[in-house]
Amino acid sequence: MLRILMAAGACLALIAGGPQAWAQAASPRAEAFAAPPPYHDISLSPSGQQVAMIVQRDSIFHLEVWPVGASAPSATYAFGAARAPNWLVWKGDDRLLVSVSVPTGIDEFQLNQTRLVSFSSRLTQPVVLSDLNNRMRFTPVYQDRLVHLLPDDDRNILVQMNSVQPFRPTVYRVDVRTGRLTEYRRENDLVRHWIADAEGQIILGLGDPVRTDTELFRARPRHWEVDAITLSGAGDIFNVQGFDGDPDRLVVLSNHEGPTTGLYIYDLAAGGFTQTLFKDATYDALSAIMSPDRRRVVGVGYYSDIYHTVYFDAVARERANGVGALIQMPETLISDQTSDGRYVIAADYNVARRQQAYWIDTVTSVVRPVGQPQNPLAGYTPAKVIPVSYAARDGLTIPAYVTLPPGLTRETARGIPFVVMPHGGPHARDNAEFDFLAQFVASLGYGVLQPNFRGSTGYGEAFRQAGEQEWGGAILNDVEDGTRWLIAEGLADPSRMCIVGWSFGGYLSMMAAVEHGDLFRCASAVAPVTDLPHLIEEESKLYGGGTIIRRMIGRMSTDAARLEAESPARRAREVSMPILIAHGTVDDVVPIIQSEKMVDALKAAGKDVEFLTLDWGDHSLSRTSGRLVYLQRLEVFLNTHIGPGVAEPASQPVPGS
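The rules behind these values
Every residue gets a number counted from 1 within its own chain, in the order that chain's sequence is written. Note on the predicted model: pLDDT of at least 70 is required for a residue's local features to be given, and 80 or more for side-chain atom pairs to be given and counted; whole-chain, interface and lining totals, by contrast, use all residues. Note that the side-chain values use all heavy atoms of the structure and ignore hydrogens as well as water. What counts as a helix is a DSSP run of H or I of at least four residues, what counts as a strand is a run of E of at least two, and both are numbered from the N terminus. Only protein chains enter the calculation, and the probe is 1.4 Å; a residue is then buried if its accessible area is under 20% of its type maximum, exposed if over 50%, and partly exposed in between. Between two residues, a contact is recorded if the distance between any of their heavy atoms is within 4.5 Å. In these tables, accessible area is a Shrake-Rupley quantity obtained with a 1.4 Å probe, and a residue counts as shielded only by the protein chains included in the view. The criterion for a disulfide is a pair of cysteine sulfur atoms lying within 2.5 Å. A helix's residues, less one, multiplied by 1.5 Å, set its expected span. Polar contacts here mean pairs of N or O atoms no more than 3.5 Å apart (in protein, one a potential hydrogen donor and the other a potential acceptor; neighbouring residues in sequence count only if both atoms are side-chain atoms). For this document, the term salt bridge refers to a Lys or Arg side-chain nitrogen within 4 Å of an Asp or Glu carboxyl oxygen. DSSP bridges decide pairing: two strands pair if at least two such bridges lie between them. Axis definition: a line fitted to C-alpha atoms, over the contacting stretch in the case of helices. Angles run 0 to 180 degrees between N-to-C directions. In this text, buried Ala, Val, Leu, Ile, Met, Phe, Trp, Tyr and Cys residues form a nonpolar core when linked through side-chain atoms within 4.5 Å. Throughout this entry, Asp, Glu, Lys and Arg are counted as charged residues, while Ala, Val, Leu, Ile, Met, Phe, Trp, Tyr, Cys and Pro are counted as nonpolar. The remaining residues, Gly among them, count as polar. For any pair of crossing helices, the crossing counts as left-handed if the nearer helix is rotated counterclockwise from the farther one by less than a right angle, and right-handed if it is rotated clockwise. Confidence scores per residue from the predictor, reported as pLDDT, run from 0 to 100. Here is the rule: rings of Phe, Tyr and Trp (six-membered ring for Trp) pair when centre to centre is within 6.5 Å. Planes less than 30 degrees apart are stacked, more than 60 are edge-to-face, and the remainder are tilted. Any Lys NZ or Arg CZ found within 6 Å of a ring centre and within 35 degrees of that ring's normal is scored as a charge over the ring.

In this section: the overall build of the chain. A count of helical and extended segments in the chain gives 11 helices and 35 strands. Residues classed as buried in the chain amount to 57% of the 657 residues present. Put simply, of all contacts in the chain between residues at least 6 apart along the chain, 58% involve residues at least 24 apart. Looking at the chain as shown, the accessible area adds up to about 25600 Å², and 49% of this sits on carbon and sulfur atoms.

The next thing to look at is the state of the cysteines. All told, the structure shown has 1 disulfide when counted by the stated rule. One disulfide bridge connects C498 with C522, the sulfur atoms lying 2.3 Å from each other. Since a negative S-S torsion denotes a left-handed disulfide, the C498-C522 link at about -135° is left-handed. Pair noted here: C498 is in strand β32 (residues 492-502) and C522 is in strand β33 (residues 522-526), with a separation of 24 residues, a long-range link. Judged by its relative accessible area of 0%, C498 falls in the buried class. With a relative accessible area of 0%, C522 lands in the buried category.

So, about helix α11 (residues 624-642). At 3.6 residues per turn, the α-helix brings residues three or four places apart onto the same side. For α11, spanning 19 residues, the distance from its first C-alpha to its last is 26 Å, which sits close to the expected 27 Å at 1.5 Å a residue. G643 lies just past α11 and shows a positive phi near 80°.

On to the environment of P126, then. With respect to the element layout, P126 can be found in the loop between β7 (109-120) and β8 (127-128). Measuring from C-alpha to C-alpha, the distance between P126 and L96 comes to 9.4 Å, with 30 residues separating the pair along the chain. Excluding its chain neighbours within four sequence positions, the residues that come into contact with P126 are V117, S118 and F119.

Let us look at the side chain of S503. Along the chain, S503 falls in the loop between β32 and α6 (504-515). For S503, the side chain forms a polar contact with the side chain of H619, separated by 2.9 Å. Residues within four places of S503 in sequence aside, it is in contact with G424, V526, A527, P528, V529, V590 and H619.

On inspection of all chains with the given rule, the structure shows 30 salt bridges. Put simply, D481 and R393 hold a salt bridge, and the shortest N to O gap is 2.7 Å. Taken as a pair, D481 in helix α5 (residues 471-488) and R393 in the loop between β28 (385-391) and β29 (397-403) lie far apart in primary sequence, 88 residues in all. You can call D481 buried: its relative accessible area is 12%. With a shortest N-O distance of 3.2 Å, R562 and E566 are connected by a salt bridge. Taking relative accessible area as the criterion, R562 reaches 24% and is therefore assigned partly exposed. Accessibility expressed as a relative area gives 9% for E566, which makes it buried.

Spatially, the 4 strands line up as an open sheet ordered β13-β14-β15-β16, and their pairing is antiparallel. Of all strands in the sheet, those bounded by a partner on one side alone are β13 (191-196) and β16 (226-229). Neighbour-to-neighbour, the strand axes of the sheet open up by a mean angle of 30°, direction not taken into account. Of the strand pairs in this sheet, strand β15 (residues 216-219) and β16 are connected by 4 bridges, and their pairing is antiparallel. Across the sheet, residue F217 finds its bridge partner in β16, namely A228.

Core analysis: the largest hydrophobic core is formed by 75 residues, its most contacted members being L263, F418, W471, L486, I553 and I579. Membership of the second largest hydrophobic core comes to 36 residues, among which are A34, A438, L614 and L631.

Mapped onto the elements, E187 comes out in the loop between β12 (181-185) and β13. With 20 residues separating them in the primary sequence, E187 and F167 have C-alpha atoms 9.3 Å apart. Residues contacting E187, with those up to four places away along its chain left out, are V164, Q165, R168, P169, T170 and W224. Reaching out from E187, the side chain makes a polar contact with the side chain of T170 at a distance of 2.9 Å.

On to the sheet that holds strand β11 (residues 168-175), then. Here we have 4 strands laid out as an open sheet, ordered β9-β10-β11-β12, and antiparallel in their pairing. Each edge of the open sheet carries a strand with a single partner, namely β9 (145-148) and β12. Taken pair by pair, the neighbouring strands of this sheet meet at an average axis angle of 45°, ignoring direction. In this sheet, strand β10 (residues 156-165) lies alongside β9 in antiparallel orientation, the contact comprising 3 bridges. In the sheet register, H148 faces β10, and the bridge partner there is L158.

It is worth spelling out the pairing of strand β3 (residues 60-67) at this point. Extensive coverage of β3 is indicated by the burial of 7 of its 8 residues. Pairing of strand β2 (residues 50-57) with β3 involves 8 bridges; the strand directions are antiparallel. Following the sheet pairing, M53 is matched in β3 by E64. Taken together, the 4 bridges between β3 and strand β4 (residues 75-78) define a ladder with antiparallel strand orientation. If you follow L63 over to β4, its bridge partner there is Y77.

All right, on to the packing of helix α7 (residues 532-539) against helix α9 (residues 556-565) then. Put simply, α7 and α9 touch, their axes get as near as 9 Å, and they point 145° apart. Contact residues: L532, P533 and I536 in α7; M556, L563 and E564 in α9. A per-class count over the contact of α7 with α9 returns 5 nonpolar, no polar and 1 charged.

Before going further, it helps to examine the packing of helix α3 (residues 436-443) against α11. α11 packs onto α3 with a crossing angle of 35° between their chain directions and a minimal axis gap of 11 Å. Judged by the twist between their axes, the crossing of α3 over α11 is right-handed. Residues F436, L437, F440 and V441 of α3 pack against R627, Y630, L631, L634, E635 and L638 of α11.

On to the confidence of the model for the chain. Here the chain averages 88 in pLDDT, while 90% of its residues score no lower than 70. Here residues 1-24 scores under 50 on pLDDT; set against residues more than four positions off or in separate chains, the count is 76 contacts.

So, about the packing of aromatic side chains. Under the criterion given, the structure shown has 20 aromatic pairs. For the ring pair Y77 and F79, a centre distance of 5.1 Å and an interplane angle of 75° mean the geometry is edge-to-face. With relative accessibility at 3%, the residue F79 sits in the buried group. Note on Y283 and Y459: the rings are 6.0 Å apart at their centroids and 50° apart in plane angle, and the pair reads as tilted. Taken together, the residues span a long stretch of sequence, with Y283 in the loop between β20 (272-278) and β21 (285-290) and Y459 in the loop between β31 (447-451) and α4 (461-465) at a distance of 176 residues. For the pair formed by Y283 and Y459, the shared burial category is buried. Through a chain of ring-to-ring contacts, three or more aromatic side chains come together here, namely F238, Y264, Y266 and F273. Between the NZ or CZ atom of R627 and the centre of the ring of F436, over which it lies, the distance is 3.9 Å.

Okay, structure coming up:
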């Protein structure tokens, strides 16, 4: 959920604590699927001769710097148990910038504040890029909002922070060696985010929807003044991705042609859209692909069932095709590259499959592996993911994915135990790529259904908006309809079904436990929302949060009865099945109190509930320790309540064995 809040200033150490020790012995299967990807983020130095990575070892995050072709990193840096790096980028060949999250609790809110830290290439001399002289009126929660790297300036970058007035960012020039801040662009009452051109000049400001209906402003040369830009026919979505050569040529995601979002050129001088770069009739464009020097748009990325790239620049297309051929991976993602495009880092689209990343010289065709990733799923063939669709009760077509246990096909999977797994969000979507939780459950011998219910993204704005204020209504009905479709198709054994969800999916699993005891024998949730009135009350305390949450789920003044009925924590007495809930203690998306309310209500009603409180667990349980505990308990939970899954074929090794 929304987390935009100013916190009192505090001196935040970057290294502290140690990992929680879990007493329960881990199963090899759970360990294999809980293992982290080979890297969480990766960056190539400007010269192309060093690679920096964020990796995880024993649930502790590390930075590593690898010279190209080396068999071991030249430098490493370990964060404490409570600190998590988010992303990293090189500033020249001798400095590395790293965004770091620092958990902070304020009342019932859990905030993961961010700081931007500068390291030498030897990962020594860390400098927190903050207000060292304490001149800020406020200490911003988020201090890693990078505006521009200023590649022609070897010492400075541009960062924006809400330091003078809440929610009104000031842009600072920051010295990456000393941390010294100098005001570069003063805050403006109407602007929530500043945009710089390729040269680092602040030329645009995005409007703050709480204060103005204007979406875009042109920054004047003076430090604080802006002029409103009238957008002609912009549509509901107008998302600036960058510039195409000229600062007047905006690269924009827009749905002005409906029903899906496409990629366009909006010319500020002409006052309208002048070029359609990409438009698909079924799927939304996801993001623009910019040239290596970030000055031109060269392609677009989007999801159908898997991720696709479409290049409309011939040079970029030839480079991507050549990289894919060199590493024999048709689904190749260029993760980073030097500004001239010669050196690139490439990997499989889906790094969760734990494929190797590669450094490639596109001129000489030299290919070198990067790092030393461990692959606990080596030799294991992932379960087959089948795109399907079904009709909801009102006739709306719901896209979905069925993942079958290894060795089974849609024709041979008859009457098997199933787990229904609605995704989070609700403004998100599932796809046919590797999903660690769905694959883990399928490896246990259970089928998995992942419905992209109304409210999901990727299928056009009308489909997304169809889920507003329908959390416990039409969206829950879509999940029920998908479950009954499984039974009607003969895929599922109606007496052996469980529902498992994460975040908003956890909300749906808890609501299903209340309303659909005839369908499911058990329900599990990670980080679920369970009490909608409480959620509205807490979100309304945050800047802009009340507007967003009321649009999504409703108002207490007019919808109180419905919101009570759609809150599983307030209907715990109606639950008729065993419940397993897990929540991380540093989750800053869904507060852990939402799980605690559900657990307390279930216990008070005498229901069968198990609650896992996972120390240092964030919303995604990105640390292996918390993810492993949940997978172990889920394996036992499913086996206990819907019985063992279908046996694996003899030719398929047990993951982790």
